[in-house]
Amino acid sequence: MKSFRRHSATVNAGSMADIAFLLLIFFLVTTTISADKGILRQLPPDDCPTENCTKPIAERNLLRISLNDNQEIMVNDDVVMLEDIQPLVMKFVDNNGKSNCDYCQGDKLSESSDHPSKAVISLSHGALTKYHLFVSVQDEITKAYYDLRKRYIKEKFNKTPEQITDTEFKIVKKAYPFIVSEVMVKRD
């Protein structure tokens, strides 16, 4: 009798590289890669938010917030903590220094702003200020304006900020305009 020798079964691997390449292309095409959104800030318009940008601002209508290279926050040359920024900005903006604001609830201090429409926040920082601190201070300023606007919406329209119309929002922005001046960093 004749003996049979069996050969082991082999798989043709010639097209294996093609299949792997096609699978790779398929997953690259169908996969979505999430992109970072960055900071959700709207850039200021080209035109000036006030009547005249070359007109000097009265010192009492200017709140200077500066961040130094030692990561300290200074408001008008006084060192403050991050959590103090929001109440300081609210108190400054809502001061009603000239007593001609019927919706303001401020203390009418002589060293704070005349009216919310005249209040300007000047934000400056050093070249070595950490980015996280700068964004945190911006957030505190934004929270202050949000709280002032929220209170105004409640008193004027008896609504929440989510319920107001675009026309009403324009009235709110006119009552409490968000005027922040960011000073350019000077590098050595």
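Refer to the structure printed above.
Figured I'd write up the structure that's included with this text. If you're wondering where the values come from, they're calculated on a predicted model, not measured in any experiment.

1. Comments concerning the packing of aromatic side chains
Right, on to step 1. Under the criterion given, the structure shown has five aromatic pairs.
Right, on to step 2. Centre to centre, the rings of Tyr-103 and Tyr-152 are 4.9 Å apart; their planes meet at 70 degrees, and the pair counts as edge-to-face. Pair noted here: Tyr-103 is in the loop between helix 2 (85-93) and strand 4 (120-125) and Tyr-152 is in helix 3 (residues 131-157), with a separation of 49 residues, a long-range link. In this pair, the class of Tyr-103 matches that of Tyr-152, namely buried.
Right, on to step 3. Between Tyr-145 and Phe-178 the ring centres are 4.9 Å apart and the planes differ by 75 degrees, which places this aromatic pair in the edge-to-face class. In this pair, Tyr-145 is assigned in helix 3 and Phe-178 in the loop between helix 4 (166-175) and strand 5 (180-182), connecting sequence segments 33 residues apart.
Right, on to step 4. Looking at Tyr-145, the relative accessible area reads 2%, which means it is buried.
Right, on to step 5. What makes Phe-178 partly exposed here is its relative accessible area of 37%.
Right, on to step 6. Each residue in the set Tyr-103, Tyr-152 and Tyr-176 is aromatic and connected to the rest through ring pairs, giving one cluster.

2. What about the pairing of strand 1 (residues 62-67)?
Right, on to step 1. As paired elements, strand 1 and strand 4 share six bridges and run parallel to each other. Bridge pairing in strand 4 places Ser-66 opposite Ser-124.
Right, on to step 2. When strand 1 meets strand 2 (residues 73-75), the two strands line up antiparallel, connected through three bridges. What sits directly across from Ile-65, in strand 2, is Val-75.
Right, on to step 3. Joining the antiparallel neighbours strand 1 and strand 2 is a turn of five residues, in which Gln-71 adopts a positive phi near 65 degrees.

Parameters at a glance
- Residues numbered from 1 in each chain as written.
- Predicted model: local features only at pLDDT ≥ 70, side-chain atom pairs only at ≥ 80, totals over all residues.
- Heavy atoms only, no water.
- Phe/Tyr/Trp six-rings, centres within 6.5 Å; stacked < 30°, edge-to-face > 60°.
- Helix = DSSP H or I, 4+ residues; strand = E, 2+ residues; numbered from the N terminus.
- Buried < 20%, exposed > 50% of the residue type's maximum accessible area, 1.4 Å probe, protein only.
- Pairing = 2+ DSSP bridges.

By themselves, these observations are geometric and do not establish any function.
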